[in-house]
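Listed below are the residues making up each chain.
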Amino acid sequence: MIYYFAIVGTKDNPIYELDLNITGAKSAGIDPNSRKDEHRHLNQFIVHSALDLVEELQWHSNAMYLKSVDKFNEWHVSSFVSAGNIKFMLLHETKNEEGIRNFFNECYELYIKMLMNPFYELNTPITSISFDAKIRFISKKYL
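Numbering of residues starts from 1 in every chain and runs along the sequence as written. For a predicted model such as this one, the threshold for reporting local features is a pLDDT of at least 70, and the threshold for listing and counting side-chain atom pairs is 80 or more; totals across whole chains, interfaces and linings nevertheless cover every residue. The side-chain numbers reported here are obtained from all heavy atoms of the structure, hydrogens and water having been left aside.

## Some details on the packing of aromatic side chains
Think of it this way: a Phe, Tyr or Trp ring, Trp meaning its six-membered ring, pairs with another when their centres are within 6.5 Å, and the plane angle makes it stacked under 30 degrees, edge-to-face over 60, tilted otherwise. Using the criterion set out here, one finds 13 aromatic pairs in the structure. Centroid distance F80 to F88: 5.7 Å. Interplanar angle 80 degrees. Geometry classified as edge-to-face. For the pair shown, F80 and F88 are each scored as buried. Relative to F104, the ring of F103 has its centre 6.0 Å away and its plane inclined at 45 degrees; by these criteria the two rings are tilted. Both residues of the pair, F103 and F104, belong to the buried class. An aromatic cluster of at least three residues, connected via ring pairs, comprises F5, Y16, Y65, F80, F88, F103, F104, Y108, Y111 and F131. Throughout this description, buried means an accessible area under 20% of the type-specific maximum (1.4 Å probe, protein chains only), exposed means over 50%, and partly exposed covers the range between.

What follows is the structure, given as structure tokens:
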């Protein structure tokens, strides 16, 4: 199962992005590096095109978790919008609403902790190795 996770800033700039390969494509006989390069730009395009729908839906709902906001072929785009208008986007193939909701909630808590760091500026890319490792752990836990 392949997931693409992105955190998008208030100016629609990517703050953090991660390609997740949960099941391990190598065991299926597929080279994960070739597949990653092949779909990297497509994943970014799908998530970026769903931002307009997210911005439209966020004003019609009080919930931070917007569920599945868009679908492209077999992929779904789920979204979570923070109070500060930071968008957490997940591109996925299967619907797992409860797992995705828990994933977004823990990622949001982790992002809040990142914001409390005095050396981090809002809307700048997150390059922390520990942040990346924690996001990967959370993804293995819920996705």
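## A closer look at a nonpolar patch on the surface
The grouping of I112, L115, M116 and L122 at the surface amounts to a nonpolar patch, some 370 Å² of accessible area in total. Of note, L122 is situated in the loop between α2 (97–115) and α3 (129–142). Patch definition: residues with relative accessible area over 30% and no salt bridge; like charges joined within 9 Å; nonpolar side chains (Val, Leu, Ile, Met, Phe, Trp, Tyr) joined within 5 Å. Accessible surface area values rest on a Shrake-Rupley calculation with a 1.4 Å probe, where residue burial reflects the displayed protein chains alone. Each salt bridge in this description consists of a side-chain nitrogen of Lys or Arg and a carboxyl oxygen of Asp or Glu lying within 4 Å of one another. By the criteria applied, helices consist of DSSP H or I runs no shorter than four residues and strands consist of E runs no shorter than two, each listed in order from the N terminus.

## What to know about the confidence of the model for the protein
The predictor attaches a confidence to each residue, called pLDDT, with possible values from 0 through 100. Of all residues in the protein, 88% have pLDDT values of 70 or greater, and the mean over the chain is 89. Overall, residues 25–29 carries pLDDT values under 50, and its contacts beyond four positions in sequence, including any with other chains, amount to two contacts. In what follows, a contact means two residues having at least one pair of non-hydrogen atoms within 4.5 Å.

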